[in-house]
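One-letter residues, chain by chain:
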Amino acid sequence: MEEKKKIEENKEHIRTAAKRQRDALSKEETARWSHEICKILLKQSFFKEAGSVCFYYPLGSEVNLLPLAQKALELGKQTAFPRVNGSNMEFYSVTDLKEFAAGAFHVMEPLGGEVICGGDALVLAPGLAFDIFGNRMGYGKGYYDKYFARYPGCRKIGVCYEMQMISKVPCGLYDIPMDAVVTEQPGK
């Protein structure tokens, strides 16, 4: 029990520092790096081959993947965004990037759409910090980890700025690593 408490305290320290560092980025940096990340993702075979792509709506200084979501719609891919229902999160299909309203935690959520079963979907996941092993640190509510536990077959890709990569993300029993992490640095 003491070990679990120590891990949680360490996670909270990293979360606070990572969020402060990311929020200190200029709008120009986040726009430029988000554009680069979208270009890199668009070229990846996992994106090209995906029939269903689950995005997130950027909050604050998070990587903005909305241009890539628009491209996915244009390519005819089933495009979805998360909506929180109680302690769980589901992805709902959208046909237009104007179909959103503020939801849980002031995050923009899709208004309608059908639930996308995450069986073999490509899920692009935000986070505050990642490591080279694919470990992800989110905001601490566990929505993505619970989702990945329910749909272990989905392709899990972490998305962040290179400065959010740390040497080791502390992991607990229920933390699920990403299959890969994409930053604005090509080849990373």
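To be clear, the structure that these remarks concern was listed above.
These notes cover the structure that comes with them.

What counts as what
- Residues numbered from 1 in each chain as written.
- Predicted model: local features only at pLDDT ≥ 70, side-chain atom pairs only at ≥ 80, totals over all residues.
- Heavy atoms only, no water.
- Pairing = 2+ DSSP bridges.
- Helix = DSSP H or I, 4+ residues; strand = E, 2+ residues; numbered from the N terminus.
- Right-handed = clockwise from strand over helix to strand, strands pointing away.
- Salt bridge = Lys/Arg side-chain N within 4 Å of Asp/Glu carboxyl O.
- Expected span 1.5 Å × (residues − 1).
- Buried < 20%, exposed > 50% of the residue type's maximum accessible area, 1.4 Å probe, protein only.
- Arc of directions from axis to C-beta.

### With respect to the pairing of strand β2 (residues 78-85)
For step 1, the next point in the chain: In terms of strand pairing, strand β1 (residues 52-54) meets β2 through three bridges, oriented parallel. Paired with C54 across the strands is A80, a residue of β2.
For step 2, the next point in the chain: The handedness of the β1 to β2 crossover, carried by helix α4 (residues 66-74), is right-handed.
For step 3, the next point in the chain: Pairing of β2 with strand β3 (residues 88-94) involves seven bridges; the strand directions are antiparallel. Note on β3: the bridge partner recorded for V84 is M89.
For step 4, the next point in the chain: Connecting the antiparallel pair β2 and β3 is a turn made up of two residues, with G86 showing a positive phi of about 65°.

### Remarks on the pattern of salt bridges
For step 1, the next point in the chain: The final tally for this structure, using the stated rule, is six salt bridges.
For step 2, the next point in the chain: Linking E12 and R15 is a salt bridge whose minimum nitrogen-to-oxygen distance equals 3.4 Å. With E12 and R15 both in helix α1 (residues 2-23) and three residues apart, this pair spans about one turn of that helix.
For step 3, the next point in the chain: Here K19 ties to D23 by a salt bridge, and the two come within 2.8 Å at their closest N and O atoms.

### Here we look at helix α2 (residues 27-43)
For step 1, the next point in the chain: Between its first and last C-alpha atoms α2 spans 25 Å; for 17 residues at 1.5 Å apiece the expected length is 24 Å, and the two agree.
For step 2, the next point in the chain: Here α2 has its buried residues at T30, W33, S34, I37, C38, I40 and L41. The arc enclosing the buried residues of α2, seen along the axis, measures out at 165°, which places them on a common side. In this structure, α2 carries E28 and K43 as exposed residues pointing more than 90 degrees from its buried face.

### Regarding the environment of S26
For step 1, the next point in the chain: On the secondary structure map, S26 appears in the loop between α1 and α2.
For step 2, the next point in the chain: Given a relative accessible area of 26%, S26 falls into the partly exposed group.
For step 3, the next point in the chain: Distance in space between the C-alpha atoms of S26 and S61 is 8.8 Å, their sequence separation being 35 residues.

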